[in-house]
Amino acid sequence: MYKHPQMSRIYNFSAGPATIPEAVLAEAQEHLLNYHGAGFSIMEASHRGPQYDAVHTEATANIKELMGLGDTHEVLFMTGGATSQFSIIPMNLLGEGKTADYTLDGSWAKKAVAAGKKVGSINVAADVREDRPLRLPRIDELQLTDNAAYLHVTSNETIEGIQWKEFPKHDTLVSDMSSDILSRKLDFSSFGLIYAGAQKNLGPSGVTLVIVRKDLLEAADDSIPEIMKYSVQASKNSLFNTPPTFSIYMLALTTRWMKEQGGVEAIQVVNERKAKTLYDQIDSSDYWTGSAAVENRSDMNVTFRLPSEDLEAQFLKEAGENGMSALKGHRSVGGIRASIYNAMPEAGVETLVSFMKAFEAANG
Ligand SMILES: *Cc1c(COP(=O)(O)O)cnc(C)c1O
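Note that this is a predicted model, so its numbers are computed, not measured.

S.K.: I tried to follow the site of the ligand on my own but got confused; where do I start?
M.R.: Among the 13 residues in the neighbourhood of the ligand, the closest are listed as Thr83, Thr158, Asp176, Gln199 and Lys200. Note that an oxygen atom of the ligand is positioned 2.4 Å from one of the side-chain N or O atoms of threonine 158. At 2.6 Å from a nitrogen atom of the ligand is found a side-chain nitrogen or oxygen belonging to aspartate 176. Burial of the ligand by the protein amounts to 87% of the accessible area it has alone, namely 380 Å². Grouping the constituent residues of the shell around the ligand by class yields three nonpolar, eight polar and two charged.

S.K.: Help me out: how do you make sense of the packing of helix H8 (residues 263-282) against helix H10 (residues 346-363) in this one?
M.R.: Angle between the axes and distance between the axes: these two values describe a pair of packed helices. Between H8 and H10, the least distance of the axes is 10 Å, while the angle of their chain directions is 5°. With respect to each other, H8 and H10 are oriented roughly parallel. Facing Val270, Arg273, Lys274, Thr277, Leu278, Gln281 and Ile282 of H8, the residues of H10 in contact are Glu346, Val349, Leu352, Val353, Met356, Lys357 and Glu360. When its residues are assigned to classes, the contact of H8 with H10 shows seven nonpolar, two polar and five charged.

S.K.: How do you make sense of the sheet that holds strand E9 (residues 193-197) when you look at a structure like this?
M.R.: Strand-to-strand pairing in sheets goes through backbone hydrogen bonds, with the strands running parallel or antiparallel. Spatial strand order, E2-E10-E9-E8-E5-E3-E4: seven strands in an open sheet with mixed pairing. Each edge of the sheet is formed by a strand with only one pairing partner; in this case those strands are strand E2 (73-78) and strand E4 (121-127). Here the strands of the sheet are splayed against their neighbours by 20° on average, with no regard to which way each runs. Note that strand E5 (residues 151-154) and strand E8 (residues 173-176) share four bridges and pair parallel.

S.K.: What exactly am I supposed to notice about the nonpolar core here?
M.R.: What tends to happen in soluble globular proteins is that the nonpolar side chains get buried as a cluster. Core analysis: the biggest nonpolar cluster contains 50 residues, and Met67, Ile181, Leu182 and Leu202 have the highest contact counts within it. Where this core is concerned, the elements lending two or more residues are helix H2 (22-30), helix H3 (50-67), E2, E5, E9, strand E10 (208-213), helix H7 (245-260) and H8. With eight residues, the top contributor of residues to this core is H7. For this core, the domains that each give at least three residues are domain 1 (26-260) and domain 2 (263-363). Setting aside anything within four residues of it in sequence, one finds leucine 182 in contact with Ile63, Leu66, Met67, Phe188, Leu202, Thr255, Met258, Val264, Ile267 and Asn342. Core analysis: the second largest hydrophobic core is formed by 27 residues, Ala115, Ala149, Val212 and Tyr230 among them.

S.K.: Would you take a moment to explain the layout of surface pockets for this structure?
M.R.: To find leftover empty space, a probe the size of one water molecule is rolled over the atoms. Quantified by volume, the largest pocket comes out at close to 360 Å³. Taken together, 21 residues make up the lining of the largest pocket; nearest its centre are Trp257, Asn342, Ala343, Met344 and Pro345. Of all the secondary-structure elements, those providing two or more residues to the lining of the largest pocket are strand E1 (11-12), H2 and H8. Looking at the lining of the largest pocket, the element that brings in the most residues is H8, giving five residues. Residue composition of the lining of the largest pocket, by class: twelve nonpolar, five polar and four charged.

S.K.: In this structure, what is going on with the pattern of salt bridges? I would like to understand it.
M.R.: A side chain with one charge can pair with a side chain of the opposite charge if their charged atoms come near. Applying the stated criterion to the full structure yields 20 salt bridges. Linking arginine 138 and aspartate 140 is a salt bridge whose minimum nitrogen-to-oxygen distance equals 3.2 Å. In this structure, the salt-bridge partner of arginine 138 is glutamate 141, at a minimum N-O distance of 3.6 Å.

S.K.: Any chance you could explain the confidence of the model for the protein chain here in plain terms?
M.R.: Predicted coordinates in regions of low pLDDT should not be interpreted in detail. When pLDDT is averaged across the protein chain, the result is 96; 98% of the residues are at 70 or more. Segment residues 1-5 is flagged for pLDDT under 50; beyond a separation of four residues in sequence, or across chains, it makes three contacts in the model.

S.K.: Looking at this structure, how should I read the domain arrangement of the protein chain?
M.R.: The accessible area lost on association of the parts is a frequent measure of interface size. As far as domains go, the protein chain holds domain 1 (26-260) and domain 2 (263-363). Of note, the centres of domain 1 and domain 2, computed from C-alpha atoms alone, are 27 Å apart. Contacts between domain 1 and domain 2 engage 26 residues on the former and 24 residues on the latter. Of the roughly 2100 Å² buried at the junction of domain 1 and domain 2 (both faces included), carbon and sulfur atoms supply 53%. Here domain 1 and domain 2 share two salt bridges between them. Across the pair lysine 165 and aspartate 299 runs a salt bridge whose closest N-O atoms are separated by 3.8 Å. Our enumeration of links across domain 1 and domain 2 arrives at 16 residue pairs in polar contact (both at pLDDT 80 or more).

Thresholds applied
Residues numbered from 1 in each chain as written. Predicted model: local features only at pLDDT ≥ 70, side-chain atom pairs only at ≥ 80, totals over all residues. Heavy atoms only, no water. Near = heavy atom within 4 Å. Polar contact = N/O pair within 3.5 Å; in protein donor to acceptor, adjacent residues only side chain to side chain. Areas by Shrake-Rupley, 256 points an atom, 1.4 Å probe, with all protein chains shown as cover. Nonpolar A, V, L, I, M, F, W, Y, C, P; charged D, E, K, R; others polar. Axes fitted to C-alpha atoms, helices over the stretch in contact; angles between N-to-C directions. Helix = DSSP H or I, 4+ residues; strand = E, 2+ residues; numbered from the N terminus. Parallel < 35°, antiparallel > 145°, perpendicular 65-115°, else oblique. Contact = heavy atoms within 4.5 Å. Pairing = 2+ DSSP bridges. Core = buried A, V, L, I, M, F, W, Y, C linked by side-chain atoms within 4.5 Å. Buried < 20%, exposed > 50% of the residue type's maximum accessible area, 1.4 Å probe, protein only. Domains from an automatic or database assignment. 1 Å grid on protein atoms, 1.4 Å probe; cavity = no way out; pocket = protein on both sides within 12 Å on 5 of 7 lines; lining within 4 Å. Points joined across faces, edges and corners; volume = space filled by probe spheres on them. Salt bridge = Lys/Arg side-chain N within 4 Å of Asp/Glu carboxyl O. pLDDT = per-residue confidence, 0-100. Buried area = accessible area lost by both parts, 1.4 Å probe.

And the structure:
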């Protein structure tokens, strides 16, 4: 049944759940049945026992170290994905009589706004969703509310392939970083709250990372459920109930791998090189059209079109035959999307670009 990874693994450009570093998968596999001599799997370990306790502590420490966080912020491991945070954030941070500002620039921001509106007063600071090429609002376009509880931005719109390079300034900036967390150096501690589902850059799905500034913990109304209260999660070290232990273990291994790569600065260099390789190919001829405005292009999700939908279908089919999967763009945008998160090796991007050159030569 078992085949050696190098014999069977392909370049998986999936937007999420996405490719995981092979070294991380191999490490998990090695200890899957018998966790470092414990006689059981880490999946079978009590969330209050010593084996899991060490995992939980390492995961938290790795995140703090990689993000350069001091004592100003709490690291929380929750469940329900980024999607549940769309509701939990306003439940915690949007006090009575307050408004929160949101930029509306892509599919995930749209969901965040819709969920937020069920909780309280949301102001759309800019809506650029209909613009083509796909783009983010300029900071000078934002119509902000005085004394807003927070400003919410989606740092990387996974479906459209647009990414904030410089963030708007706000006392309480809240960011959905699901698809670009720890992919580049940012002043993470300047954010009020950062959240991310794990399955793009942090490991498999199941755990949701939430980084919250400590002064925001007490903003929540007492009426909200304990399980959703950041202050409760923080005071219980994210062990208020059983956390997704295996996902957090995988996050610990993935963040350990990131440290071995040299941390976010080193990872950013590689990510920028991968993105440039691909965008240079897209810009090399009229055969390819980038879907995103050049100044907003994402280094994580590269979206582009071919001259026709028929050619796109053929491209996807032949890419699959050449060991590259999940390149189909989201149906709302169409075309091709190559997700090139931290774990996508440079060789994967080079293979894709070689394939693009050959495809253009044969079908141009
Ligand atoms: C994938 C994604 C989500 C949804 O995450 P879930 O874990 O499925 O809830 C939200 N926002 C962004 C930017 C994403 O990429």
